[in-house]
Amino acid sequence: MRLILIGPMASGKSTVGRRLSKRLKLDFIDVDEEVEKSAGVSISWIFDVEGEKKFRERESKELINSLNTNNCVIATGGGVILAEQNRSLLKKGTVIYLETSIQTQLERTLNDNKRPLLQESDNAEQTLRELKEIRDPLFEECADITIKEGKNSHNEVVDEIIDKLNLK
Ligand code: S3P
C-alpha cells in the first residue's frame, strides 16, 4: 500500500500523513523534509538562493525516491502537481486530496515563516487565490479520494481517510 497526500499549503498533509501512517503502521515520508535533508538547507534558503525552478527539480527527485518505498504514507508539497511528470508519478499510489479553503490556509499560515511563496508576497490572500485557481484542477485530476473541508481536527480527517479506504 502506498498513500500519497496532496493539497495546498497548510492543508495538513504532514500532520495528517504522520498520524495516518501511525494508525496504519506504515512508514512516513515527507517530501519537503527529504528535500531539506538532502540539500542540507531549508526550503526558504533554496527558494532564496537557488530559486523556485531548482527547488522543483529537487522536489521531483525526492518524489521519485519516495516512490521506491512500499507500505508508506507520503506527504507532498503544495506545488508537486505542477509538473506533468510528477502528476504521472503520483499514479504509483492512492492519491488523497485534502481540499482546504483560503480562510483556513490564511489562519494556519498567519505567523508562518517557512513558506517562501507567502513570505515573498505582500498580499497572502491574493497569492493563495492565484495559486488555487491554477492548482485546484490539477489536484482534482490527480485525486483518487477527496477529503472535503468540514472536518475540524486532523484526527477526524485521518478517520475519514481510513473510512474512505475501507480499512476499518
Ligand atoms: C509549496 C508548498 C510547500 C513547499 C514549498 C512550495 C507550494 O509545502 O513545498 O514552500 O508551491 O505550494 P507545503 O504544501 O507543505 O506547505
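Scroll up for the structure.
Residues numbered from 1 in each chain as written. Predicted model: local features only at pLDDT ≥ 70, side-chain atom pairs only at ≥ 80, totals over all residues. Heavy atoms only, no water.

Student: How should the nonpolar core be read in this particular structure?
Tutor: Note that soluble globular proteins tend to have their nonpolar side chains buried in a common cluster. Counting residues in each nonpolar core, the largest one holds 30 residues, and the members touching the most others are Ile4, Ile6, Leu63, Ile74, Ile81 and Leu90. Ignoring any residue separated from it by four or fewer positions in sequence, one finds Ile4 in contact with Leu67, Ile74, Thr76, Leu90, Gly93, Thr94, Val95 and Ile96. With 15 residues, the next largest nonpolar core counts Leu5, Val16, Ile147 and Leu165 among its residues. (Core = buried A, V, L, I, M, F, W, Y, C linked by side-chain atoms within 4.5 Å. Buried < 20%, exposed > 50% of the residue type's maximum accessible area, 1.4 Å probe, protein only. Contact = heavy atoms within 4.5 Å.)

Student: What is the right way to look at the packing of aromatic side chains in this model?
Tutor: Describing an aromatic ring pair means giving the distance of the ring centres and the angle of the ring planes. For the structure shown, the criterion picks out 2 aromatic pairs. With 4.9 Å between their ring centres and 40 degrees between their planes, Phe47 and Phe55 make a pair best called tilted. Across this residue pair, the class does not change: Phe47 and Phe55 are buried. Between Tyr97 and Phe139, the ring centres sit 5.1 Å apart and the planes meet at 25 degrees, which makes this aromatic pair stacked. Of the two residues, Tyr97 sits in strand S4 (residues 94-98) while Phe139 sits in helix H8 (residues 124-142), which places them 42 residues apart along the sequence. With respect to class, Tyr97 is no different from Phe139; both count as buried. (Phe/Tyr/Trp six-rings, centres within 6.5 Å; stacked < 30°, edge-to-face > 60°. Helix = DSSP H or I, 4+ residues; strand = E, 2+ residues; numbered from the N terminus.)

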